[in-house]
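Given next are the chains, with one letter for each unit.
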Amino acid sequence: MDERFALAGIRPTAPAPAAPKPKWYKGKPLLAIGFLAAMALGCLFCQVIMTKDPAYMDLANYARRPDREFLFGTDTLGRDIFSMIWSGGRVSLAIGFLATAISTSIAVAVGAASGLAPRWLDRLLMRLTDILLSIPSLLTVVLLQAVLGQAGVMSLSLVIGVTSWQSIAKLVRTEVRQLRRSEYVIAARCMGGGFFHLLRRHLAPNFLSSIMFMVVMNVRAAIVAESTLSFMGVGLPLEIISWGSMLSLADNALTSGAWWIILIPGAFLAATLLAITELGSWLRKSANKKQSNL
Amino acid sequence: MRALKRLLAFLISLLILSAAVFWIARLAPGDPLASYYGERAEKMSPQQRAQAEADLGLDRPIHVQYIRWLRNALHGDFGISFKYKTDVWQVIRGRAGNTLLLGGLGFVLIFSLALGLGILCAWFEDRPLDRIVCKAGTVLSCVPEFWLSLLLILIFAVYLRVLPSSGAWSIGDGGSAGDRARHLILPMTVVVAGHLWYYAYMIRNRLLEEVRADYVLLARSEGLAKRSILFRHCLRNAIPSYLSIMAIAVPHIMGGTYIVETVFSYPGLGTLSYESARYQDYNLLMVLCLLSGAVVILCNMLAQAVNERIDPRIRARQAVEEVSDRG
Amino acid sequence: MEKLLQVEHLSVTFDGPAGTVEAVRDVSFDLAPGEILAIVGESGCGKSVLCKALMKLLPSNARTGAERLTVDGADIRSFGERAMQKLRGRVFSMVFQDPMTSLDPTYTVGAQIAEAVLVHQPKLSKEQVRRRVLELLALVGVDQPEARAKLYPYDLSGGQRQRVVLAVALAGRPKLLIADEPTTALDVTVQAQILDLMRDIQKKLGTATILVTHDLGVVARAADRVAVMYAGRIVETGTAEEIFADSRHPYTWGLLRSLPSLAAPGQPLYAIPGMPPTLSPPPKGDAFACRNRYALAIDYDQAPPMFRVTDTHFAATWLLDPRAPKVDPGAFEPDTGPAGAAPRHAPPAGEALLDVRHLGCSFRLTKDRSLRAVDDVSFQIRAGEIFGLVGESGSGKSTLARCVMNILRPQSGQIVYKGVDVCDPARARAHRRLLRQDRQIIFQDSASSLDPRMKVADIIAEPMAVNHITPPRGTLREEAAFQLRYVGMDPVYLDKYPPELSGGQRQRVAIARALAMEPSLLVADEPVAALDVSIQAQIINLFKHLQAEHGFTFLFIAHDLAVVRYLCDRVGVLYQGKLVELAPTEELFARPRHPYTKALLAAIPIPDPRRERGRPLFSFDGTCLGAQSVFAQVAPGHFVLGSGEPEAAT
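Rules behind the numbers
Residues numbered from 1 in each chain as written. Chains lettered and ligands numbered in written order. Predicted model: local features only at pLDDT ≥ 70, side-chain atom pairs only at ≥ 80, totals over all residues. Helix = DSSP H or I, 4+ residues; strand = E, 2+ residues; numbered from the N terminus. Rg over C-alpha atoms; globule rule 2.2 N^0.38 Å. Buried ≥ 20, exposed ≤ 12 C-beta atoms within 10 Å, placed from the backbone. Contact = placed C-beta atoms within 7 Å. Nonpolar A, V, L, I, M, F, W, Y, C, P; charged D, E, K, R; others polar. Pairing = 2+ DSSP bridges. Axes fitted to C-alpha atoms, helices over the stretch in contact; angles between N-to-C directions. Core = buried A, V, L, I, M, F, W, Y, C linked by C-beta atoms within 7 Å. Expected span 1.5 Å × (residues − 1).

With that settled, consider the overall build of chain C. Helix and strand counts for chain C stand at 21 helices and 25 strands. Against the globule reference of 26 Å for 650 residues, chain C gives a C-alpha radius of gyration of 26 Å, in line with a compact fold. Along the three orthogonal principal directions, the C-alpha set of chain C runs to about 75 × 65 × 50 Å. In chain C, which comprises 650 residues, the share counted as buried stands at 52%. Counting contacts in chain C only where the partners sit at least 6 residues apart, residues at least 24 apart contribute 67% of the total.

As structure tokens, then:
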């Protein structure tokens, strides 16, 4: 008898050869991460990079075109733009992160409370959030800043943070409501998991990943808000150098046609925002992989 | 019944909003007398000051002031603007038209263009056109509005000298239609370019979600053409969320308009709100905040009502959610 | 006779991020006009992909290759989207699994059928379209078609909705209807009605049908011919009689034997060991070999060709090769779980562990409408007993389970557990430590049954960590490893996340987590409903085995009487929130009294085409329920909800 046809029964199968692991950098927004890292490092160690004192007003050399000495030119007060970019970036990025930290904390607190609260309280909280969302945030920011007096880095971060938490809070609430209904949370409650256990083990890890995108976008929005406010003259004053306050000299620059005063800080600003956006959309992209039916 | 409830909710929202703005505004340390009396405020004697404050009702406790304001407001009297020294409505009326032109037309443009672009991108999903539009949109949406305005002014007004850089009309030229249009081009470009992409991208993604639904397969298997599935089914299913997005977008676009107005010194409500907040022109500020709040809340309610009419699921879903929430 | 559909050597591959998946591999079959072919297989075997490939509805990352693909005489291999549009609906049409999502929620059903009618007859007048819509609705057995046409899909029940989908599919008078799991999402008593309807339509209109299903029982009722698919291939094909009476492929044997209705009472269910292979890339040789007790050496090496049994019956197994040894399919050992079948002791007729008294729970739907999910239900479960609770969707069985576990608070009645009324918040609070550790729940397998962001080890150890219990085996991780082995899984899975596991594995993890607390009462809410037949059998055997070892009291909830028969000591039947019948399992199966129980029993398909086809349906519309209010004992331990009068013999 052909031994190939002998009864063999169930044989343990060799595990399928693991697919070659994709390179760690595959699919990651390398350019964006690289740029952001470079910016962050440059701003942190600006003392090393800066060629001049950014606050020094060299009135003899005001509104100079970019040249060897002043790499990016000087502004209408005679300050060196190259040095200002780095020291100003420090302020702009700091405000972006600080404001986001503040708004995210508020958002998580309000959203989680609303998601876990009884229905009437949830309705009330969400109605209030909607009302706050209905005032153009520019107005509230101007108002609040007026209350707090002369803007500094901390007070501006506070104001931006306090006015930009609403949409994250709404998302957190929806997520928490959904998670609350999911069976693993019910099971954890059955086995006696208390509120903090649920929050730490189940709710937080699951909703954090879904709000990550919004949080990153919030950093972006905070940086935009800082620069817009400072530009309009209600944010940081001229003495506190940031990308926004640098641009508040734009009016003088326009009349004298000094394009570099407008173009260079703005370009850094926009590039940073773009890199942050890329990072954000990469964070979001993981979920929807289903193919089109059309 | 339902309409009555909505109206009530609307009024309560406005009430809360007005109270909040009233309190915050009064907390500000600035001197409201300065905006009314200008330079003279500084030279006043204490007696004069007290007299002036009493005249303007500023010497009473805040809640009394608020109640008085509310009572007057209910009679249609919103007070006078400290800065312009006329009835606030008078001040607003002169500016509202300009903002409506910029913001309203911008809103319509944004949403019709966004719908078109969104559909186009969804139809050509992942093909070059879609990719280019998405990429260009991402880049443009990262440019802050004020900086885009500056760039446009720099290019078109300073270097090329083809378009005006500020105002709503030229001085001396009484505001002919052509002149106004020329003044509108740059601000409108910024308003539209600042928001268009974000909403187009949202529509695209929402449509792509619909395209992956099961009913699309059924429609295709009965021989329906792709185009009619997209327009008749997917679009119809996506419209409710589109309307909600539009409603949520109102304050954003309004905020954007205000910024653009300031950069272009465009005489609208944006510049007015900005001034009134900076110079503690309370009465004017209250009305402006309430006005924008009312527009936003109204839009939200409108979107919700239209949604319920279009999408019968919403009512059913609410019932279901209510049940499953008890878990 | 001219064939309606001819498929030769059809293959479909998908390019995905994890590599290429060969979903359909070298499939050939044909179909005569008016014939009903059933394609049977477990989830992931490629049967749905095959259907979509026939209609060219696959997404753009799929690649299809075939040597021949003709429909109604036309070679459609080269057809583009435009040409296919002309064929779809008119020549072939499709029905999908989930009637909830396959209708557009924003149109009335009438409008959707009208749309399908107009696609192929655009010149019809409004009145003609209306008449055709009503005609179609009547054809698919929707009563009051005029009124129903004006409703939106969510207003209809699942069965009604599936009928509407069928009407849409039939609107263009297709010659071939492809039905992809048309009854899977429906209640058991509705399933048979839809199958009969499809058979009826085939008789009236002469429509050929491809019926795709995972359930061999469904096949017996409806199909002329059967093709069994496994891992992307057709492994056996023949007439329904041949497959059920004289199957040749070991996989078909396994499928047939794992049907719960075939299992002898008291005997462990047969379960095909192991899991289906992944298809990227498919295993070498016969894909079924590693689950096949009769695998030959050559199976691990070379895929078998199709062997001819009769002119209509073919099977792809080396066992049919003349050189192969003869085997007897009847003689194989049943798979009895990890430690062999423990003999089942009759539960002690002791006192009740759980006593549910006049329980009522309702939800407010809107201001003036509320739903009584559980309505005056009373029963007792004795310590050590396995109590089955059977009911279809909307019967209130999950609500009941949640009330028992203190997740929901009932409006009326009592639940007494070990002498503690758990519905009384103060009493429940006083005993909360006991209640938490003593009662555990297992849910239906779904994406949300296990936290996707926790490792298996942490999931199993969670209850211990929460209750600060020192694990008896040293560390929490060792304890988790022990529990995992105990439910038949290798400890290598400790560091995996739930999305990386298969449905059966996830359910084993859920069981391990529940058992880690050594509960006295285990509540399982539809724990096997989402699993494939062969995996279902594995899990049910595991339950039975674990219960015999631990002796916990077990409340097992299912929608299908067939699965509770083997497992449970006593069974209660729920219908629309009311307990309509309660009896020891054998008594219930032998002498059902309530018409609804009879309908449920009749819905269990008999895997014999000749008997199954002629069998009349026993439907229950609930009309007689109103008058019944007395829950009376009709035999020792056998209670029926009735009008209180002696029942006429049926």
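This part takes up the interface of chain A and chain C. Facing 30 residues of chain A, the contacting portion of chain C comprises 41 residues. Listed by contribution, the elements that provide at least two residues to the side of chain A that touches chain C are helix H8 (183-190) and helix H9 (195-232) of chain A. Broken down by element, the side of chain A that touches chain C gets its largest block of residues, six residues, from H8(A). Residues belonging to the side of chain A that touches chain C are distributed by class as follows: 15 nonpolar, ten polar and five charged.

Below, the discussion takes up unusual backbone geometry. Residues and elements named next belong to chain C. At Asn406, a position not held by glycine, the phi torsion is positive, near 65°. Along the chain, the position of Asn406 falls in the loop between helix H11 (397-404) and strand E17 (412-417). In this structure, Glu518 is a non-glycine residue whose phi angle is positive, near 50°. One can find Glu518 in the loop between helix H16 (503-515) and strand E20 (521-525). Glu518 sits in the partly exposed class, given 13 other C-beta atoms within 10 Å.

With 47 residues of chain B in contact, the opposing surface of chain A contributes 40 residues. Residue assignment for the side of chain B that touches chain A shows that the elements contributing at least two residues are helix H1 (2-27), helix H7 (128-141), helix H8 (145-159), helix H10 (214-221), helix H11 (226-263), helix H12 (269-278) and helix H13 (282-310) of chain B. Each residue belonging to the side of chain B that touches chain A can be placed in one class, and the counts come to 31 nonpolar, eleven polar and five charged.

A word on the sheet that holds strand E8 (residues 176-180) of chain C. Residues and elements named next belong to chain C. An order of E7-E8-E9-E3-E10-E11-E13-E12 is seen for the eight strands of this open sheet, with the pairing classed as mixed. Edge positions in the sheet fall to strand E7 (92-95) and strand E12 (307-308), since each has one partner strand and no second. Alignment of strand E10 (residues 225-230) against strand E11 (residues 233-239), held across six bridges, turns out to be antiparallel. If you follow Arg225 over to E11, its bridge partner there is Thr239. With respect to the sheet, helix H6 (residues 158-170) is in contact with E7 and E8, its orientation differing from that of E7 by roughly 170°.

Turning our eyes to something else, we now look at the nonpolar core. With 355 residues, the main nonpolar core has Leu555(C) and Phe556(C) as its most contacted residues. Apart from the residues within four sequence positions on either side, Phe556(C) is in contact with Ile386(C), Phe387(C), Gly388(C), Ala524(C), Val564(C), Leu567(C) and Cys568(C).

The next subject is helix H7 (residues 188-205) of chain C. Residue and element names in this part refer to chain C. With 18 residues, H7 should cover 26 Å at 1.5 Å per step; its first-to-last C-alpha distance of 26 Å lies within 8% of that length. Every buried residue of H7 is listed here: Val188, Val190, Gln191, Ala192, Ile194, Leu195 and Met198. Check the buried side of H7 and you find it contacts H6, E8, strand E9 (208-213), helix H8 (216-222) and helix H20 (595-602).

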